[in-house]
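# Structural overview for review
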Amino acid sequence: MRDRAQLVLAAAAVVAVALAPAVFAYLQLGYSADVAASGDYEAPVGNAHRVLSRGVHAAATGIPSSYRWQRREAAVSAVRTDLEPVVNALRSSRVESGTVYQVEYNRSAARAWTADHCSETRGPNRQFGSCNASRGVVVQNRDGETHVLAVAFDVRVTAERGWYETTVVVGTR
C-alpha cells in the first residue's frame with residue numbers, strides 16, 4: 001500500500017512538471033476572452049443608440065406646436081440643428097479611450113421606415129395624415145401639425161477590439 005501511494009505521488013509530480021511549460025506559456029501570452037461573447041462587445045453600439053435616442057426625443061419635443069405641416073422642411077432642419085451638438089458630442093465622446101464614432105443621417109433607412117410604418121391608404125380607421133422622409137428625418141401630418149416620428153442614422157464605431165457598422169432608426173413613440 002505504501003509503495004502504491006509513493007507511485008501515485010511520483011506520477012502527480014511528473015504530471016505537474018510536464019504541465020509547467022504550458023502554464024508559463026499561457027501566462028506569458030496572456031488570455032484574451034472571446035470578444036463576441038463578452039458584455040463589452042455591443043457596448044459601443046448600445047451607447048450610441050442611447051445617446052441618439054435621448055437626442056431625438058429632445059429634438060422632437062416642441063416641433064408640433066412650432067411647425068405647421070406646410071413648414072415641415074423647416075421642422076426637419078430644426079430637428080437636425082438640435083441634434084447637431086448631440087451627434088458632435090458622440091463623435092468626440094470616447095476618442096481618448098480609443099473609441100471613435102462616425103454618425104451620418106441615413107435617408108434610405110428613413111424612407112424604408114416610412115414605407116413600413118406609415119400607411120398610404122385612406123379609410124375610416126386612418127387617424128393621421130401622410131408621412132414624409134426628408135434628409136433622414138421622418139415627419140407626419142397630424143391635424144395640420146408636423147410630428148417627428150423617427151430619425152435614421154448610420155453609425156460606425158471603431159474601437160480597440162474592432163469596428164462595428166449599424167443603421168439605427170430612433171422612433172419617438
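Everything discussed here concerns the structure shown above.
Here is a short report on the structure shown in this document. For clarity, every value in this text was computed on a predicted model and none was experimentally measured.

In this section: the overall build of the chain. Scanning the chain from N- to C-terminus turns up five helices and five strands. Going residue by residue from the N terminus, the α and β elements of the chain occur as α-α-α-α-β-α-β-β-β-β. A total of 173 residues make up the chain; the buried ones form 32% of that total. Of all intrachain contacts in the chain linking residues separated by at least 6 positions in sequence, the fraction that spans at least 24 positions is 60%. Working note: accessible area of the chain is about 11000 Å², and carbon and sulfur atoms make up 54% of it.

Quick look at the nonpolar core now. L52, V79, V148, V151, F153 and V155 are the most contacted members of the largest nonpolar core, which totals 29 residues. Of all the secondary-structure elements, those providing two or more residues to this core are α2 (43-60), α4 (72-92), β1 (100-105), β3 (137-142), β4 (145-159) and β5 (162-171). Those residues in contact with V155 that lie beyond four places of it in its chain are A48, L52, Y101, Q102, Y164, E165, T166 and V168. Counting residues in hydrophobic clusters, the runner-up holds nine residues, among them A109, V138, A150 and A152.

Note that T99 resides in the loop between α4 and β1. Those residues in contact with T99, other than ones at most four positions away along the chain, are R94, V157, T158 and A159.

Attention now moves to the pairing of β5. Alignment of β4 against β5, held across 10 bridges, turns out to be antiparallel. Note that in β5 the partner of V157 across the bridge is Y164. Between β4 and β5, which follow one another and run antiparallel, lie two residues.

Our focus in this paragraph is unusual backbone geometry. Phi at R135 takes a positive value of approximately 55°, unusual for a residue other than glycine. Mapping R135 onto the fold places it in the loop between β2 (131-134) and β3. Residue classification places R135 among the partly exposed residues on the basis of a relative accessible area of 26%.

Of the pockets and cavities examined, the largest pocket occupies roughly 190 Å³. P44, R94, T99, A159 and R161 are, among the 10 residues lining the largest pocket, the residues nearest its centre. For the lining of the largest pocket, the per-class residue count stands at four nonpolar, two polar and four charged.

Counting buried positions along β3 yields six of six residues, so the element is predominantly enclosed. Along β3, one buried face is formed by V137, V139 and N141 and the opposite face, lined by V138, Q140 and R142, is buried too. The sheet contact formed by β2 and β3 spans four bridges and is antiparallel. Each bridged residue has a counterpart across the sheet, and for A133 the counterpart in β3 is V138. A loop of two residues connects β2 with β3, the two strands running antiparallel in sequence, and R135 in this loop sits at a positive phi of about 55°. Direction of pairing for β3 relative to β4: antiparallel, over a ladder of six bridges. Its bridge partner being in β4, Q140 is matched across the sheet by H147.

The rules behind these values
Residues numbered from 1 in each chain as written. Predicted model: local features only at pLDDT ≥ 70, side-chain atom pairs only at ≥ 80, totals over all residues. Heavy atoms only, no water. Helix = DSSP H or I, 4+ residues; strand = E, 2+ residues; numbered from the N terminus. Buried < 20%, exposed > 50% of the residue type's maximum accessible area, 1.4 Å probe, protein only. Contact = heavy atoms within 4.5 Å. Areas by Shrake-Rupley, 256 points an atom, 1.4 Å probe, with all protein chains shown as cover. Core = buried A, V, L, I, M, F, W, Y, C linked by side-chain atoms within 4.5 Å. Pairing = 2+ DSSP bridges. 1 Å grid on protein atoms, 1.4 Å probe; cavity = no way out; pocket = protein on both sides within 12 Å on 5 of 7 lines; lining within 4 Å. Points joined across faces, edges and corners; volume = space filled by probe spheres on them. Nonpolar A, V, L, I, M, F, W, Y, C, P; charged D, E, K, R; others polar.

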